[in-house]
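# Architecture and fold: a report
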Amino acid sequence: MARTYASFPAIYELVREIPEGQVASYGMVASLLPGVTPRIVGFAMAATPAGEGIPWQRVINSAGQISERDGAARQRTRLEEEGISFKPPGKVDWAKHRWQGPSEAWLEKHSIDFMDFLTIQAGWPG
């Protein structure tokens, strides 16, 4: 049975902000949500409900790789279909594909000042 947390809906809302051709790390997502850790984001991605348009494949680990688990090959295929390129040994090119962050509307809805967001973003990988 998959773990579930009250924060999953907020995680899914934020992950929907990641556009095709870009990726975010579990930590990047967690950094924008109070009380959420990268591990909880990982649990949410593993429990993503089908058919709800949540691009779970766009969330990877902070090393820029797809975490080893069942479904890793499917995740890589989906990312490659979206134009994500990988460098040896299987790392995403952060410089080309790193998500720049959510929309201003999302930041405003969640009361995150843009300057505070820039400080958070400065700690992101890549």
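Okay, so let's go over this structure. Quantities reported herein were computed from a predicted structural model and do not represent experimental measurements. (Residues numbered from 1 in each chain as written. Predicted model: local features only at pLDDT ≥ 70, side-chain atom pairs only at ≥ 80, totals over all residues. Heavy atoms only, no water.)

### Regarding a nonpolar patch on the surface
- A cluster of nonpolar side chains, namely Phe114, Met115 and Leu118, defines an oily patch on the protein surface of about 290 Å² accessible area.
- Tracing the backbone shows Leu118 in helix H7 (residues 114–121).
- The exposure class of Leu118 is partly exposed, given its relative accessible area of 33%. (Patch = residues over 30% accessible without salt bridge, like charges linked within 9 Å, V, L, I, M, F, W, Y side chains within 5 Å. Areas by Shrake-Rupley, 256 points an atom, 1.4 Å probe, with all protein chains shown as cover. Salt bridge = Lys/Arg side-chain N within 4 Å of Asp/Glu carboxyl O. Helix = DSSP H or I, 4+ residues; strand = E, 2+ residues; numbered from the N terminus. Buried < 20%, exposed > 50% of the residue type's maximum accessible area, 1.4 Å probe, protein only.)

### Notes on the pattern of salt bridges
- Per the stated rule, a full pass over the model turns up four salt bridges.
- In this structure, the salt-bridge partner of Lys109 is Glu13, at a minimum N-O distance of 2.8 Å. In this pair, Lys109 sits in helix H6 (residues 104–109) while Glu13 sits in helix H1 (residues 8–15), placing the two residues 96 residues apart along the sequence.
- What makes Glu13 partly exposed here is its relative accessible area of 23%.
- One salt bridge connects Arg16 with Glu52, and the closest N-O pair in it is separated by 4.0 Å. With Arg16 in the loop between H1 and strand S1 (24–25) and Glu52 in the loop between helix H3 (38–46) and strand S2 (59–60), the pair connects residues that are 36 residues apart, well separated along the chain.
- The exposure class assigned to Arg16 is partly exposed, which follows from its relative accessible area of 41%.

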